[in-house]
Amino acid sequence: MEANSGGGLLDIVKGGAGRLFSNLKDNLKDTLKDTSSKVMHSVASYTKGELDISYITSRIIVMSYPAEAVEIGYRNHIEDVRSFLDSRHMDHYTVFNLSQKLYRSAKFHNRVSECSWPSRQAPSLHNLFAVCKNMHNFLQQNPKNVCVIHCMDGRAPSGVLVCAMFCFCHLFNNPLPAIQLLNSKRPGSGLWPSHRRYIDYVCSMVSEKPMLPHCKAVIIKSVTMSPVPSFNKQRTGCRPFCDILIGETKIFSTAQEYERMR
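Computed from a prediction, not measured in an experiment: that's the story for all the values here.

Draft legend 1. Looking closely at the overall build of the chain. Along the chain, the regular secondary structure elements total 9 helices and 9 strands. Classification of the 262 residues of the chain by burial places 42% in the buried group.

Spelled out as structure tokens, the structure:
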């Protein structure tokens, strides 16, 4: 991210996000206490099958991918999801699709934001911050508005965005309580250390003394792994490798075919 871009995004946050979520702070204890159980009970009885939808707060919803046809491995059918959202939040929801798998946005009244985050890696800081900004703008428009977030399984990528949004709106000032709240509402988020690091970046950017990203070149001289990976002849241990990417393009890798590794 360019320095001036970071500053511009930061200006959006000042003075607005805290007020936006003030009502969430006021009723956070009630939200933690009973909202999830009530909502999930209604979700479970909504269709013959069970929709995979979780209310993290009253205004942030996470679900797994809404498949358009009967597909193995997907619990949510897009028609059932649309009926569910229309019955509870008609004209007041926007869907944020973090996956790279697309569907017809008309199914959700053309209120779908295609984010297309790469799978199995953290999103870029610029994209993460930009989606938080878009969510903030939508929630600010009307107190009834809700954001519906999904990736493929509604776990790691969705969890990163939810926790980053909490920090963006100054609900928390570090990733740990944000992740704890997420896990209390949607267990098994599966966040990696790199995911948590990017949540921490967002926290740092919106803090009272913000730390903005720089564009200076850095040189990685060494990588330390602790504890030491277990290399063995039985090939049951850990054989780490390093990938270097620019954006989503891999430019270098130390990975080899398994049989060639010694």
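Draft legend 2. The pattern of salt bridges, seen in detail. As enumerated under the stated definition, the model contains 6 salt bridges in all. Residues Glu79 and Arg82 are paired through a salt bridge, measuring 2.7 Å at the closest nitrogen-oxygen approach. Of this pair, Glu79 and Arg82 are both found in helix α5 (residues 78–89), 3 residues apart, which corresponds to roughly one turn of the helix. Taking the shortest distance from any N to any O, the salt bridge between Asp91 and Arg111 comes out at 3.9 Å. Here Asp91 is found in the loop between α5 and β5 (93–97), whereas its partner Arg111 is found in the loop between β5 and β6 (112–114), with 20 residues between them in sequence. Linked through salt bridges whose partners overlap, the residues forming this network are Glu79, Arg82 and Lys107.

Draft legend 3. Seen up close, the packing of aromatic side chains. Applying the stated criterion to the full structure yields 6 aromatic pairs. For the ring pair Tyr65 and Tyr103, a centre distance of 5.6 Å and an interplane angle of 70 degrees mean the geometry is edge-to-face. Of the two residues, Tyr65 sits in the loop between β2 (60–63) and β3 (66–67) while Tyr103 sits in the loop between β5 and β6, which places them 38 residues apart along the sequence. Grouping residues by exposure puts Tyr65 and Tyr103 together as buried. With a centroid separation of 5.2 Å and an interplanar angle of 65 degrees, the aromatic rings of Phe129 and Phe168 are classed as edge-to-face. Taken as a pair, Phe129 in helix α6 (residues 125–141) and Phe168 in helix α7 (residues 156–168) lie far apart in primary sequence, 39 residues in all. The same class applies to Phe129 as to Phe168, namely buried. An aromatic cluster is built from Tyr65, Tyr93, Tyr103 and Phe108, whose rings are joined through pairwise contacts. The residue whose ring lies beneath Arg111 is Tyr93, and the NZ or CZ to ring-centre distance is 4.6 Å.

Draft legend 4. Molecular detail of the confidence of the model for the chain. Residue-level pLDDT values for the chain average 80, and 76% of them are 70 or greater. Taking the mean pLDDT of every element in the chain, the minimum, 40, falls on helix α4 (residues 28–44) and the maximum, 98, on β5. Note that pLDDT drops below 50 for residues 1–16; the model gives that stretch 29 contacts with residues more than four away or on any other chain. Contacts for the low-pLDDT stretch residues 18–48, under 50 throughout, to residues beyond four places or in other chains number 44 contacts.

Draft legend 5. Molecular detail of α6. With 17 residues, α6 should reach 24 Å at 1.5 Å per residue; the first-to-last C-alpha distance of 25 Å fits that figure. Among all positions of α6, only Leu125, Leu128, Phe129, Val131, Cys132, Met135, His136, Phe138 and Leu139 are buried.

Draft legend 6. Here's a closer look at the nonpolar core. Counting residues in each nonpolar core, the largest one holds 41 residues, and the members touching the most others are Leu161 and Phe166. Only β2, α6, β7 (146–150), α7, α8 (175–185) and α9 (193–205) provide two or more residues apiece to this core. With residues near it in sequence (within four places) discarded, Phe166 still touches Ile56, Thr57, Ile60, Leu171, Phe172, Ala178 and Leu181. Ile61, Met63, Tyr65 and Ile78 belong to the second-largest nonpolar core, a separate cluster that totals 18 residues.

Draft legend 7. Looking closely at the state of the cysteines. Evaluation of the coordinates by the stated rule reveals 1 disulfide. Sulfur-sulfur distance for the disulfide between Cys167 and Cys203 comes to 2.4 Å. Placement of the pair is Cys167 in helix α7 and Cys203 in helix α9, with a sequence separation of 36 residues. Here Cys167 matches Cys203 in class, with each residue buried.

Draft legend 8. Geometry of the pairing of β5. Counting buried positions along β5 yields 5 of 5 residues, so the element is predominantly enclosed. Side chains of β5 alternate between two faces, with Tyr93, Val95 and Asn97 and Thr94 and Phe96 buried alike. Across 3 bridges, the pairing between β5 and β6 is parallel. Bridged to Val95 within β6 is Val112.

What counts and what doesn't
- Residues numbered from 1 in each chain as written.
- Predicted model: local features only at pLDDT ≥ 70, side-chain atom pairs only at ≥ 80, totals over all residues.
- Heavy atoms only, no water.
- Helix = DSSP H or I, 4+ residues; strand = E, 2+ residues; numbered from the N terminus.
- Buried < 20%, exposed > 50% of the residue type's maximum accessible area, 1.4 Å probe, protein only.
- Salt bridge = Lys/Arg side-chain N within 4 Å of Asp/Glu carboxyl O.
- Phe/Tyr/Trp six-rings, centres within 6.5 Å; stacked < 30°, edge-to-face > 60°.
- Lys NZ or Arg CZ within 6 Å of the ring centre and 35° of its normal.
- pLDDT = per-residue confidence, 0-100.
- Contact = heavy atoms within 4.5 Å.
- Expected span 1.5 Å × (residues − 1).
- Core = buried A, V, L, I, M, F, W, Y, C linked by side-chain atoms within 4.5 Å.
- Disulfide = S-S within 2.5 Å.
- Pairing = 2+ DSSP bridges.

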